[in-house]
There are 2 protein chains.
Amino acid sequence: MFYVTLNLIVSAMSKCQQCIVKQFNALKALGKEDLIRISGCKTSKSVKKGEILFREGESVNGIYCIKDGVCKLSKLSANGKEQIVKLVVRGDLIGQRSLVTDEKSNLTAIAVNEMQVCFIPKSEVLHDLSRNASFSLDMLQDMAKELRLADNIIVDMAQKPVKQRLADVLIYLYNTFGNDDKDYLGVILSREDYASIVGTATESAIRILSQFKKEGLISTRGKHIKILDLEGLKRIE
Amino acid sequence: MFYVTLNLIVSAMSKCQQCIVKQFNALKALGKEDLIRISGCKTSKSVKKGEILFREGESVNGIYCIKDGVCKLSKLSANGKEQIVKLVVRGDLIGQRSLVTDEKSNLTAIAVNEMQVCFIPKSEVLHDLSRNASFSLDMLQDMAKELRLADNIIVDMAQKPVKQRLADVLIYLYNTFGNDDKDYLGVILSREDYASIVGTATESAIRILSQFKKEGLISTRGKHIKILDLEGLKRIE
DNA sequence: TAATATCTATGATATATGTCATGTTTTACG
DNA sequence: CGTAAAACATGACATATATCATAGATATTA
């Protein structure tokens, strides 16, 4: 009985070999032996909403695998405003960049809601990168996709007006997080967060959301946002 | 005598083993044998100003190594305007992303001035990626750096005003291309190109450059721009 | 559950940027 | 070298977005 309980606990702390989350990232390319090795030296932890995983300018010293929850990657601009560069979700890895270039983090990672993450030390990942070509290729593919996304964001920032960018964000959130049981978006962000993703003033984000409400595109209840007319949002320009 | 001449010609077409440009990119991680193999199947070509290497939506089917010249990577936005995402210079590789993800190009590559490039077929590069971990790691590092740069551009686009972004571009061009023998910037771009990098209307770019002239920060002669007060440009905000 | 802090909302106004029109200069090319 | 096409320049004006002020709603916690 003791052993059964212990196994359950260990399983709750999850062995990498059995973790399904890795299907969404480069870790799926690792063989059983490597997974067991990594499993032995990884640390799991839960991160509360608002907690910081790492700050801009700090060393990360490994990668985080997001088992659950959402995290924002942001950077302070010269004028002191936070710009959110990316939302990181279940299955994503963060910290690969600093790992590979051996530099301090360029971004700050803050939990948007309760998260479950695993931390894998740098040395273990580098070990696998140096031996496992298919792991490296997978990592390369992930970064290539991130880069494509980043390029598209640059174009949008440069060419689309704020209203359209905000509509795009709502559509993205809907596609990525879906709805909760009451048809509200599956992730809750403050208006300030919306502004920081779109790259505008908080008041402007609030104003445009109010306008969307008047136009029947969305409804809100506090921070909860419900999308009423997805097609209408797509037509915004 | 015949052999000497032949050697010179072959050398002008440059063997990868002897090419110094690769020092600036991931190809430096390849061993002599791989370089000889690649040298045998690469094609060199010169590209005239304004010519297109590849278009958004096309397959690239390999990577280009830039031996000389400058190239702009751009993307058309929904409103039909060109946004320049990156300037590619001597030593850079392009096409790695599409190669790794096996997707069509997200960007269009157009020569800004006369270029010398080598094209290496996809299969050869994939061969090396699958066998040479240090090559893969180098490629990963390059992409990680590109990604960091892209994130910084997103933040700047979102938070810095047009005037500051244009000043930043001038500073970047000065740092990257230096001056010609008459102290003009070492790369010549149209006002429209400046606008497409900054992400603004051509008239706005022209207006701000005129303002910089009046303030004694730069002088211009047609497309040629001379930086008179670098520190002044850095102070713009 | 009341009190407080934080977040949301909206008006008034300032500033930044885009658009259209038009004239001038530069560049490309026969 | 002259001419046409392209690029540059600038004014007038329209629109988008930011900022400041203030009120109201929501969330947090004692």
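Per-chain numbering applies: the sequence of each chain, read as written, is numbered from 1 onward. For naming, the first written chain is A and the first written ligand is 1, with later ones following in the order written. Only residues with pLDDT of 70 or above have their local features reported here, since the model is predicted, and side-chain atom pairs are shown and tallied only from 80 upward, although totals for entire chains, interfaces and linings are computed over all residues. Working from all heavy atoms in the structure, the side-chain values ignore hydrogens and water.

## Section: the overall build of chain A
Turning to step 1, where the next piece is worked out: Runs of H or I in DSSP of at least four residues are treated as helices and runs of E of at least two as strands, each being numbered from the N terminus. The secondary structure content of chain A amounts to nine helices and 10 strands.
Turning to step 2, where the next piece is worked out: Between the two quantities, the radius of gyration covers C-alpha atoms and the globule rule is 2.2 Å times the number of residues to the power 0.38. Expected size for 237 residues packed as a compact globule is a radius of gyration near 18 Å; at 20 Å, chain A falls within 12% of this value.
Turning to step 3, where the next piece is worked out: By its C-alpha atoms, chain A is 60 × 45 × 30 Å across when sized along the principal axes.
Turning to step 4, where the next piece is worked out: Sequence separation of 24 or more characterises 70% of the internal contacts of chain A that already satisfy a separation of 6 or more.
Turning to step 5, where the next piece is worked out: Only the protein chains shown count as cover for residues, and all accessible areas are computed by the Shrake-Rupley method using a 1.4 Å probe. As displayed, chain A has an accessible area near 11500 Å², and 51% of this comes from carbon and sulfur atoms.
Turning to step 6, where the next piece is worked out: The convention is simple: Lys and Arg are positive, Asp and Glu are negative, and His and the chain ends are not counted. By convention, charge coordinates are those of NZ in Lys, CZ in Arg, CG in Asp, or CD in Glu. Counting 35 positive and 29 negative side-chain charges, chain A places the centres of these two groups 3 Å from one another. Residue contacts are counted whenever heavy atoms from the two residues lie within 4.5 Å of one another.

## Topic: the protein's contact with DNA strand D
Turning to step 1, where the next piece is worked out: In this text, near means that some heavy atom of the residue lies within 4 Å of the molecule or strand in question. Taken together, 17 residues lie near DNA strand D, and Thr200(A), Ser204(A), Arg207(A), Ser210(B) and Lys223(B) sit nearest.
Turning to step 2, where the next piece is worked out: Within 4 Å of the protein, the contacting atoms of DNA strand D are 63% sugar and phosphate, with bases supplying the remainder.
Turning to step 3, where the next piece is worked out: Within 3.5 Å is the distance limit for a polar contact, defined as a pair of N or O atoms, with the added protein rule that one can donate a hydrogen and the other accept it, and that residues adjacent in sequence qualify only through two side-chain atoms. Take Arg207(B): an N or O atom from its side chain is 3.0 Å from a base oxygen of DNA strand D.
Turning to step 4, where the next piece is worked out: Here a phosphate oxygen of DNA strand D and a side-chain polar atom of Lys213(B) are 3.0 Å apart.
Turning to step 5, where the next piece is worked out: Taken together, the elements giving at least two residues each to the surface near DNA strand D come down to helix H8 (202–214) of chain A together with helix H7 (191–198) and helix H8 (202–214) of chain B.
Turning to step 6, where the next piece is worked out: For the surface near DNA strand D, the leading source of residues is H8(B), giving five residues.
Turning to step 7, where the next piece is worked out: The nonpolar class holds Ala, Val, Leu, Ile, Met, Phe, Trp, Tyr, Cys and Pro. Asp, Glu, Lys and Arg form the charged class, and all remaining residues, Gly among them, are polar. Grouping the amino acids of the surface near DNA strand D by side-chain chemistry returns four nonpolar, four polar and nine charged.

## Re the environment of Ala109(B)
Residues and elements named next belong to chain B.
Turning to step 1, where the next piece is worked out: By the element assignment, alanine 109 lies in strand E7 (residues 108–111).
Turning to step 2, where the next piece is worked out: As a C-alpha pair, alanine 109 and asparagine 61 span 48 residues in sequence and 14 Å in three-dimensional space.
Turning to step 3, where the next piece is worked out: Each residue touching alanine 109, except ones within four places of it in the same chain, is listed here: Glu51, Ile52, Leu53, Phe54, Cys71, Lys72, Leu73 and Ile94.

## Things to note about the protein's contact with DNA strand C
Turning to step 1, where the next piece is worked out: In the region of DNA strand C, 20 residues are neighbours, and Ser210(A), Lys213(A), Thr200(B), Ser204(B) and Arg207(B) sit closest.
Turning to step 2, where the next piece is worked out: Each atom of DNA strand C within 4 Å of the protein was assigned to sugar, phosphate or base; sugar and phosphate come to 65%.
Turning to step 3, where the next piece is worked out: Interatomic distance of 2.9 Å between a side-chain N/O atom of Arg207(B) and a base oxygen of DNA strand C.
Turning to step 4, where the next piece is worked out: Of all the secondary structure elements, the ones that give two or more residues to the surface near DNA strand C are helix H7 (191–198) and H8 of chain A together with H8 of chain B.
Turning to step 5, where the next piece is worked out: Residues belonging to the surface near DNA strand C are distributed by class as follows: four nonpolar, six polar and 10 charged.

## Thoughts on the environment of Val162(B)
All names here are of chain B.
Turning to step 1, where the next piece is worked out: Checked against the element boundaries, valine 162 lands in helix H6 (residues 162–177).
Turning to step 2, where the next piece is worked out: Valine 162 sits 91 residues away from cysteine 71 along the chain, and the two C-alpha atoms are 23 Å apart.
Turning to step 3, where the next piece is worked out: Beyond its immediate stretch of four places on either side in the chain, valine 162 contacts Val198, Thr200 and Ile208.

## Quick look at the relation of the copies chain B and chain A
Turning to step 1, where the next piece is worked out: Each copy is superposed on the other by least squares, with the fit set by C-alpha atoms of residues at a pLDDT of at least 70 in both. Superposing chain B onto chain A takes a rotation of 180° plus a shift of 0.0 Å along the axis, which leaves an RMSD of 0.0 Å. Taken together, these values place the two copies in the relation of a two-fold axis.
Turning to step 2, where the next piece is worked out: With an isologous cut-off of 70% or more, the 100% of interface residues of chain B that recur at the interface of chain A puts this contact in the isologous class.

## Focus: the interface of chain B and chain A
Turning to step 1, where the next piece is worked out: Of the residues lining the interface, 39 residues belong to chain B; the matching set on chain A comes to 39 residues.
Turning to step 2, where the next piece is worked out: Here Glu103(B) makes a salt bridge to Arg148(A), at a shortest N to O gap of 3.5 Å.
Turning to step 3, where the next piece is worked out: Linking chain B to chain A there are 16 residue pairs in polar contact (both at pLDDT 80 or more).
Turning to step 4, where the next piece is worked out: Elements represented by at least two residues in the side of chain B that touches chain A include exactly strand E5 (82–88), helix H3 (96–101), helix H4 (122–131) and helix H5 (133–159) of chain B.
Turning to step 5, where the next piece is worked out: Top element by residues in the side of chain B that touches chain A is H5(B). It accounts for 21 residues.
Turning to step 6, where the next piece is worked out: For the side of chain B that touches chain A, a count of residues per class yields 17 nonpolar, 12 polar and 10 charged. Note on definitions: salt bridges are taken to be side-chain nitrogens of Lys or Arg within 4 Å of carboxyl oxygens of Asp or Glu.

## Side note on the packing of aromatic side chains
Turning to step 1, where the next piece is worked out: Here a Phe, Tyr or Trp ring, Trp counted by its six-membered ring, pairs with any other such ring whose centre lies within 6.5 Å, and the pair is stacked when the planes are under 30 degrees apart, edge-to-face when over 60, and tilted otherwise. Within the structure shown, the criterion is met by four aromatic pairs over all chains.
Turning to step 2, where the next piece is worked out: Relative to Tyr64(B), the ring of Phe54(B) has its centre 6.0 Å away and its plane inclined at 25°; by these criteria the two rings are stacked. A residue pair is termed long-range when its members are at least 10 positions apart, and Phe54(B) in strand E2 (residues 52–54) and Tyr64(B) in strand E3 (residues 62–68) qualify at 10 residues. Note on accessibility: Phe54(B) and Tyr64(B) belong to one class, buried.
Turning to step 3, where the next piece is worked out: Grouped by ring-pair contacts, the aromatic residues Phe54(A), Tyr64(A) and Phe119(A) constitute a single cluster.
Turning to step 4, where the next piece is worked out: By definition, being over a ring means that NZ of Lys or CZ of Arg is both within 6 Å of the ring centre and within 35 degrees of the ring normal. A cation over an aromatic ring shows up here: Lys226(A) above the ring of Tyr184(A), its NZ or CZ 4.7 Å from the ring centre. Only protein chains enter the calculation, and the probe is 1.4 Å; a residue is then buried if its accessible area is under 20% of its type maximum, exposed if over 50%, and partly exposed in between.

## Side note on the pattern of salt bridges
Turning to step 1, where the next piece is worked out: This structure, assessed with the given rule, holds 28 salt bridges over all chains.
Turning to step 2, where the next piece is worked out: Of the charged contacts in the structure, one is a salt bridge between Asp128(A) and Arg37(A), with a shortest N-O distance of 2.8 Å. Here Arg37(A) lies in helix H2 (residues 32–41) and Asp128(A) lies in helix H4 (residues 122–131), a separation of 91 residues in the sequence.
Turning to step 3, where the next piece is worked out: Overall, Arg37(A) belongs to the partly exposed group, its relative accessible area being 27%.
Turning to step 4, where the next piece is worked out: The salt bridge partner of Asp151(B) is Arg97(A), with a shortest N-O separation of 2.6 Å. With Asp151(B) in helix H5 and Arg97(A) in helix H3 (residues 96–101), this residue pair bridges two chains.
Turning to step 5, where the next piece is worked out: When salt bridges with common partners are traced through the structure, they connect Asp34(A), Arg37(A), Glu124(A) and Asp128(A) into a single cluster.

## Things to note about the pairing of strand E8 (residues 115–121) of chain B
Within a regular beta strand, the side chains point alternately toward one face of the sheet and then the other, so they alternate between its two faces.
Residue and element names in this part refer to chain B.
Turning to step 1, where the next piece is worked out: Counted residue by residue, E8 has five buried out of seven residues, so it is predominantly covered.
Turning to step 2, where the next piece is worked out: DSSP-based pairing: two strands are paired if at least 2 bridges between them are found. With five bridges connecting them, strand E1 (residues 43–47) and E8 associate as antiparallel partners. Looking at E8, one finds that valine 47 is bridged to methionine 115.
Turning to step 3, where the next piece is worked out: Note that E3 and E8 share six bridges and pair antiparallel.

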